[in-house]
Amino acid sequence: MRIRATVAAVTGALALSAFAVPAAQAADSGSAYRADVAKIRAELGPSAFGTRADAPYDLDVTFSDFKIAKTLKVGTTAPVSTTVTYTMTHAADVDIEAEDFQTGPYLYKGSYTSPDNMLFGTKPATCAATSATTAACTGKIDVLPAEGELLNSDAGSWKGAALALAQNGQDPLAENYDITKVGYADQGGLGGTTVQRASKLTVDASPEPVQKGKTLTVTGKLTRANWETEKYVGLPSGQKVVLQFRKAGTSAYTNVKGIQTATGGALKTTVTASEDGYYRFTYAGITSTAPVSAAGDFVDVQ
C-alpha cells in the first residue's frame, strides 16, 4: 500500500469516518488509522475543497515547536519509527479531550499543497494540556518500506506537518451527518528531516595471518537499500570511502587512506602490514544515503 499524494480522494463523510470511533479505539486500529488519515489529508488538505459548501470549517488550532530526528535511515523491509513532539495551540472552545477529537503529525515530500508523497503514523498522537489553550503532543511517524511506501527518488529532504480534526459529536456514518459542523486544521512547514536509504559496508583484509612488512590487500563493498526492489545494491562508482586501522588493545580508529568505489560499490586497496589490529572502511554518506562503517576485520601480523 503506497500512501502517496495520488491516493484517490474520497467523499468528505467517508474520509472523516476514520475518526468516528473514540480515540482509544482508533489508537488500536494500526494500519487502518494510517490508511484513513492519508485519505483525510488527501481530501481535506490545503485547497482540497476550494469554494465547496460541503466542507468542514477551519478549526482554530495551530501547531509549533515541531521536533523530529534529524535523519531517518530506512532499509529495504524493516519498519522505521521515529517520535515527533509538537505544541498544539487551540481556541478555548475547542475540546481536545473529546473522544472524537484527534491530531497527528506527518511528513510530506515536495509541495505542501500538492505533495509527491506523505508519511504518517500508525496511531494518532497523544496530547497533555499545558494550559487552557495549549497542549504538548507526542506522536510517531512510521515508515513501512516493505509496503511500497517509498520510491528511491523519495530519498532526501522531507517537511513536517500536523493535522487535527474535531467531529463535535457528528457521526460520519449517520444519515443526518453535517460536515459543516466538523472542524479541521492542517499546517505544514513545521520542521523537517532527511529520509535516507540505509547503507551497508563490508571489509576483508588478506592474507591472514600475514608477515610483518608484507602487503595486505583490503577489499569490500558499499551498498544501499533499493526501496523499489527491496534489495541492497552497489552505489555508483566514485563514492569516497576511508580505510581505517585500530591497533589491537586500543579503542580508536585512525585514518589510513582515502579511496573511491569502483563499479557496483566495489572497494580494493593495499597497505603494508605492521602490527596486529583491525581494518575497516567508513563512509560519510550523502544526502540520499546514510553513513556507515564496516565491522573491523582483525589481522594477525607475525
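What this report covers is the structure whose coordinates are included nearby. Predicted, not measured: the structure shown is a model, and the values here were computed from it.

## Let's talk about the environment of Gly-189
As for its placement among the helices and strands, Gly-189 is situated in the loop between strand E10 (183-187) and strand E11 (192-197). Gly-189 sits in the exposed class, given a relative accessible area of 57%. Separated by 82 residues in sequence, Gly-189 and Leu-107 place their C-alpha atoms 9.6 Å apart.

## A word on the pattern of salt bridges
Applying the stated rule across the entire model yields 2 salt bridges. The salt bridge partner of Arg-41 is Asp-186, with a shortest N-O separation of 3.3 Å. Here Asp-186 lies in strand E10 and Arg-41 lies in helix H3 (residues 31-44), a separation of 145 residues in the sequence. You'll find Arg-41 and Asp-186 in the same group, each marked buried. Among the ionic pairs, Lys-247 bridges to Glu-275, the shortest N-O distance being 3.7 Å. Note that Lys-247 is positioned in strand E16 (residues 240-247) and Glu-275 in the loop between strand E18 (266-272) and strand E19 (277-283), a separation of 28 residues in sequence.

## Focus: the packing of aromatic side chains
On inspection of all chains with the given rule, the structure shows 7 aromatic pairs. Each residue in the set Tyr-106, Tyr-108, Tyr-112 and Phe-120 is aromatic and connected to the rest through ring pairs, giving one cluster. In this structure, Arg-246 is placed above the aromatic ring of Tyr-278, and the distance from its NZ or CZ to the ring centre is 4.2 Å. The ring of Tyr-253 is capped by Arg-280, whose NZ or CZ atom sits 3.9 Å from the centre of that ring.

Calculation criteria
- Residues numbered from 1 in each chain as written.
- Predicted model: local features only at pLDDT ≥ 70, side-chain atom pairs only at ≥ 80, totals over all residues.
- Heavy atoms only, no water.
- Helix = DSSP H or I, 4+ residues; strand = E, 2+ residues; numbered from the N terminus.
- Buried < 20%, exposed > 50% of the residue type's maximum accessible area, 1.4 Å probe, protein only.
- Salt bridge = Lys/Arg side-chain N within 4 Å of Asp/Glu carboxyl O.
- Phe/Tyr/Trp six-rings, centres within 6.5 Å; stacked < 30°, edge-to-face > 60°.
- Lys NZ or Arg CZ within 6 Å of the ring centre and 35° of its normal.

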